[in-house]
Amino acid sequence: MKISLRKATQKDADLTFKIEQFSIMQYTNSLYETEKASYKSEFNHINIQIIEFAHKAIGYLEIEEKNHSFEIINILIHKDFQNQGFGKFLLEEIIKEAQTKLKGIELQVLKNNPKAKRFYENSGFQVYFETEFEFKMKFSHANRLFRN
């Protein structure tokens, strides 16, 4: 699979909003109209990389590297490109980098998005905490070994 990543710039605010809108719209539809203006004005491109395939932006990766872990904030693929292995490929690359740097990986998944939760569980993540709206998950190398 030949995909590339490029560093996001402030000019990517509209693009990332559009990808987010169409990727998770069914889960957060009611929030978009009120958040669109504030999203654009508060957009911070520092930890965002645009996912490109065949020279076309198809999603974005937002990840923050901390002292002892990576926090995956978003892996969002435009709905027209979902279920084609792009998310899995990116997640595998993140896992490899975390292993190389001896860091953990954490993320949050909306409770009303069981597809994403299952995706991460199948990749070796497990829930360690939950709130009213989301599951907090950590990557476990051991969990991954037992799943495969």
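Since the model is a prediction, treat every value here as computed from it, not as a measurement. (Residues numbered from 1 in each chain as written. Predicted model: local features only at pLDDT ≥ 70, side-chain atom pairs only at ≥ 80, totals over all residues. Heavy atoms only, no water.)

Asker: Before we move on, could you go through the packing of aromatic side chains and cite the residues and values that matter?
Answerer: Evaluation of the coordinates by the stated rule reveals five aromatic pairs. An angle of 70 degrees between the planes, with centres 5.0 Å apart, marks the rings of Phe119 and Tyr120 as edge-to-face. For Tyr120, a relative accessible area of 8% translates into the label buried. Consider the rings of Phe125 and Phe139, whose centres lie 5.4 Å apart with planes at 65 degrees: the pair is edge-to-face. Within this pair, whereas Phe125 is found in strand S6 (residues 125-130), its partner Phe139 is found in strand S7 (residues 134-139), the two being separated by 14 residues in sequence. A relative accessible area of 1% places Phe125 in the buried class. Note on Phe139: relative accessible area 10%, which makes it buried. Three or more aromatic residues joined by ring pairs form one cluster here, namely Phe119, Tyr120, Phe125 and Phe139. Here the guanidinium or amino end of Lys103 rests over the ring plane of Phe70, the centre of that ring lying 5.6 Å away. The side chain of Lys111 reaches across the aromatic face of Phe135, ending 5.4 Å from its centre. (Phe/Tyr/Trp six-rings, centres within 6.5 Å; stacked < 30°, edge-to-face > 60°. Buried < 20%, exposed > 50% of the residue type's maximum accessible area, 1.4 Å probe, protein only. Helix = DSSP H or I, 4+ residues; strand = E, 2+ residues; numbered from the N terminus. Lys NZ or Arg CZ within 6 Å of the ring centre and 35° of its normal.)

Asker: Lay out helix H3 (residues 114-122) in plain terms, naming residues and giving numbers.
Answerer: Those residues of H3 not exposed but buried are Ala116, Lys117 and Tyr120. Projected down its long axis, H3 carries its buried residues within an arc of 100 degrees, all on one side. Elements that come into contact with the buried residues of H3 comprise strand S4 (69-77), helix H2 (86-100), strand S5 (104-110), S6 and S7. Gly124 lies just past H3 and shows a positive phi near 110 degrees. (Arc of directions from axis to C-beta. Contact = heavy atoms within 4.5 Å.)

Read these as geometric descriptors, not functional statements.
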